[in-house]
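Here's the letter readout for the chains.
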Amino acid sequence: MAGSNSLLLLRVPHNVVLLPRSPQRRRSTMEKSRLTWALVLLLGGFRVTTSQATTTNTTTAPSLQPTRSWTLPGSEGGQGPTTPPGGVPHQVVTPRGQDADKQDGEDDAAGEANAGRGCPPLGLESLRVDDTQIQASSFQRFGLGPHRGRLNIQSGIEDGDLYDGAWCADYKDRNQWLEVDALHLTRFTGVILQGRSTIWRQDWVETYKVQLSNDSISWESSMNGTQEAIFEGNNDAETPVLGILPVPVVARYIRINPQSWLAEGDICLRAEIVGCRVHETQPAKDAAPKDALDFRHHNYMEMRKLMKAVSEECPDITRIYTIGKSYMGLKLYVMEMSDHPGKHELGEPEFRYVAGMHGNEVLGRELVLNLMQYICREYKKGNQRIVRLVTETRIHLFPSMNPDGYEVAYKKGSELAGWGEGRYSYEGIDLNHNFPDLNHLMWDAQEAAEDPSKVPNHYIPIPEYYTKEDALVAPETRAVISWMQDIPFVLSANLHGGELVVTYPYDGTYGWAPHADTPTTDNAFFRWLATVYASTNLAMANPERRLCHNEDFQKYNNVINGGAWHNVPGSMNDFSYMHTNCFEVTVELSCDKYPHASELPVEWENNKESLIIYMEQVHRGIKGVVRDKESKKGIADAVIKVEDHEHDIRSAADGDYWRLLNPGEYKVVVWAEGYFPAVRHCHVGMEPRATVCDFSLTQTPIQRLKEIRAKGGKIPQDLQLRLRALRSRKLRASTKAINRRRESQREQGRKARRASGDGRL
């Protein structure tokens with residue numbers, strides 16, 4: 001069929017325009033017009049308004065949540081046709097205004113069933129589209145080359161570096177274009193456009209044409225009736241704008257051809273292409289997901305339903321509980337998975353995954369929900385690895401720390417949420433900067449102390465200011481802190497998105513440096529944890545993958561100290577390490593913060609082994625029980641100190657403890673208030689199981705206590721522990737007061753709405 005002048009004959013599931021493979025179309029203008037209008041009448045896709053003779057596209061958007069409808073200016077309050085400098089009038093395809101969106105929803109309901117709709121993004125943002133598939137008419141320099149014209153790509157901090165934030169043409173005329181080769185015949189349905197990512201300039205495209213080809217030589221424009229369609233682009237650099245092709249077109253190549261751009265700016269854009277591969281009526285066998293899980297995006301209600309379904313499927317190993325509410329009153333749900341859900345078992349470590357701290361970084365949320373389903377089903381099948389994990393570990397899965405932010409992003413949908421929509425809490429708080437900054441409290445105290453080694457290095461109390469009712473502390477943060485204090489977590493991971501790297505504490509830098517390697521005393525073990533996840537992650541471990549945005553983490557084996565990347569004061573990782581016993585890393589799961597639902601099966605396969613093997617690391621190091629030698633009862637809050645590791649941990653309420661360590665020989669000292677210290681040498685082997693090192697402590701003789709009192713002295717007290725407990729009680733008290741006040745405000749609002757409703761009646 002190569003070189004044929006006839007139309008390409010294909011069995012296509014919807015009515016679409018089929019481009020010829022020939023270099024030129026041998027149709028007269030009249031024939032083209034008739035063909036186009038025949039298709040218009042067949043599709044019912046346009047209507048003509050007699051007042052301005054403009055055409056209106058009533059088809060709806062591809063399945064990018066949410067489904068959206070589009071119209072042309074000139075009807076429903078539009079601006080009418082525009083005339084470019086060439087003098088030829090065109091119609092500009094634009095989004096409807098808010099008033100139009102308030103219709104009864106019939107267009108939205110019909111969206112995915114409509115011709116040409118229901119297609120996923122081609123994959124510029126997710127990197128499925130290779131750099132070699134993207135070309136351009138010109139570019140200013142390599143850092144602004146066509147390979148940088150990807151939706152949501154982020155620039156480096158310096159203007160002029162190799163990793164700038166867009167494709168920028170070298171010339172300012174209407175002959176510039178960005179071209180994408182889909183490699184296969186594709187039913188193109190839309191284009192998503194964004195301006196340039198930079199803090200130094202403002203550059204974006206305001207209107208553009210779309211051109212299509214089967215050979216990259218002969219091009220035809222997307223038509224709007226008998227005229228070339230001109231699509232509305234951006235009004236700012238960050239908001240993605242979706243342009244719908246009036247009629248879907250089958251072709252291999254697609255070009256974005258800018259027609260106008262910001263005055264005084266350059267022709268710069270970031271883009272995503274929406275389309276369906278023609279011959280793929282169903283995925284290939286080797287591409288089909290191996291696990292039959294619920295691969296889609298779940299809003300708040302759907303997340304609740306899925307968690308309930310998992311709990312009903314595996315009632316013996318699951319428990320759903322809440323740790324608080326978001327600012328908007330959405331419950332913060334956690335799924336516990338254990339052979340004895342609801343109770344802490346002596347000697348069994350506690351593990352947690354936290355996702356959705358930034359509401360628009362949604363992949364972690366879906367992976368945690370997938371993990372719930374997977375553990376449940378594999379446990380029922382008798383998968384020994386999963387059975388061992390469930391019976392020896394108490395697992396807590398927290399899919400959505402910022403549900404308010406997620407709902408904002410969800411309403412925009414994949415590709416349209418942009419880089420920041422939904423990141424923050426409803427109050428505009430970045431939750432990963434909202435925890436107490438204990439780093440500088442410790443560093444300042446060490447600087448002021450005569451002997452820095454005497455400064456407490458663990459269980460550091462919350463600052464007094466943080467416990468006040470007027471402190472800028474999100475309810476989600478308060479809930480998580482309380483959760484951390486209630487359960488003796490040993491290991492955790494905080495799941496984010498937007499990069500492919502694993503970071504480890506400290507996140508905050510000494511002296512507030514923008515970025516500086518700031519290791520903890522447990523740096524070697526943190527690097528092990530990060531490497532375990534990164535080396536088993538299929539995307540991170542791929543040596544041929546390109547960098548996501550502007551940093552090459554592959555040269556660090558995809559792991560990096562958090563502070564060495566950038567300063568994050570008040571991070572959850574650092575707080576977890578310094579206020580509790582729990583070690584935590586951050587996993588940046590994908591270049592795309594909000595992957596399309598079609599990519600979720602691949603992302604699950606990329607992360608499945610990593611998620612499981614990381615949980616298994618909770619069984620490394622040493623563990624044991626600290627007991628009273630006489631009564632054999634466990635001793636709570638005993639200090640476990642490992643020589644040459646300036647970070648201690650404490651025993652839990654029953655006296656059990658877990659100290660994560662790399663293989664080696666360790667001298668361990670344990671002491672508690674009212675007891676003599678005890679010393680043991682503990683060996684940690686290469687096996688993935690903890691070495692048991694129990695301790696029995698002898699109480700201080702009563703006679704010795706009497707002597708101390710007789711001399712007017714005081715019995716030594718663990719003042720740090722008491723202060724920590726006092727501040728924790730104050731934080732919880734202020735949280736309760738805030739929650740009562742907020743609930744009262746909500747009730748008053750509900751009463752006011754009911755009263756206004758009665759008034760209308």
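Higher on the page you've got the structure.
Residues numbered from 1 in each chain as written. Predicted model: local features only at pLDDT ≥ 70, side-chain atom pairs only at ≥ 80, totals over all residues. Heavy atoms only, no water.

Right, let's get into the overall build of the chain. Of regular secondary structure, the chain possesses 15 helices and 30 strands. A total of 761 residues make up the chain; the buried ones form 56% of that total. Taking as baseline every contact in the chain between residues at least 6 positions apart, the subset at least 24 positions apart corresponds to 75%. Carbon and sulfur atoms form 51% of the exposed surface of the chain, whose accessible area is close to 33200 Å². (Helix = DSSP H or I, 4+ residues; strand = E, 2+ residues; numbered from the N terminus. Buried < 20%, exposed > 50% of the residue type's maximum accessible area, 1.4 Å probe, protein only. Contact = heavy atoms within 4.5 Å. Areas by Shrake-Rupley, 256 points an atom, 1.4 Å probe, with all protein chains shown as cover.)

For the α-helix, the turn length of 3.6 residues means that residues three or four positions removed from each other point alike. Taking 1.5 Å as the rise per residue, helix α13 (residues 600-616) with 17 residues should run 24 Å; its terminal C-alpha atoms sit 24 Å apart, in good agreement. Bending of α13 peaks at approximately 40° at the position of Asn 607. (Expected span 1.5 Å × (residues − 1). Bend = angle between axes of the 7 residues up to and from the residue.)

What follows covers the packing of aromatic side chains. Per the counting criterion, the structure on display carries 23 aromatic pairs. On the numbers, 6.0 Å between centres and 70° between planes, the contact of Phe 351 with Tyr 614 is edge-to-face. With Phe 351 in strand β17 (residues 350-355) and Tyr 614 in helix α13, this pair connects stretches of sequence that are 263 residues apart. Phe 351 sits in the buried class, given a relative accessible area of 0%. (Phe/Tyr/Trp six-rings, centres within 6.5 Å; stacked < 30°, edge-to-face > 60°.)

The element strand β18 (residues 394-398) is largely enclosed, with a buried count of five among its five residues. A two-sided burial pattern is seen for β18, the buried positions comprising Arg 394, His 396 and Phe 398 on one face and Ile 395 and Leu 397 on the other. Bridge analysis of strand β16 (residues 331-337) against β18 gives three bridges, and the strand direction is antiparallel. Across the sheet, the residue bridging to Met 337 is Ile 395, located in β18. (Pairing = 2+ DSSP bridges.)

Below, the discussion takes up the pairing of strand β14 (residues 268-277). By the criterion of burial, β14 is predominantly enclosed, with nine of the 10 residues buried. By the bridge criterion, two bridges tie strand β7 (residues 167-168) to β14 in an arrangement that is antiparallel. Each bridged residue has a counterpart across the sheet, and for Trp 167 the counterpart in β14 is Leu 269. Sheet analysis places strand β8 (residues 178-194) next to β14, joined by eight bridges and oriented antiparallel. Residue pairing in the sheet places Ile 192 in a bridge with Glu 272 of β14.

With that settled, consider the state of the cysteines. Here is the idea: a disulfide is a covalent bond, and it sits between the sulfur atoms of two cysteines. For the structure on display, the rule yields five disulfides. The residue that forms a disulfide with Cys 168 is Cys 268, at a sulfur-sulfur distance of 1.9 Å. An S-S torsion of about 115° defines the bridge between Cys 168 and Cys 268 as right-handed. Placement of Cys 168 in strand β7 and of Cys 268 in strand β14 is noted, with a sequence separation of 100 residues between them. Under the relative-accessibility criterion, Cys 168 is labelled buried at 0%. Here Cys 314 connects covalently by a disulfide to Cys 376, the sulfurs 1.9 Å from one another. In this structure, the disulfide formed by Cys 314 and Cys 376 twists by about 85° around the S-S bond and is classed as right-handed. Separated by 62 residues along the polypeptide, Cys 314 in the loop between α4 (300-313) and β15 (318-325) and Cys 376 in helix α5 (residues 363-381) bring together distant segments of the chain. (Disulfide = S-S within 2.5 Å.)

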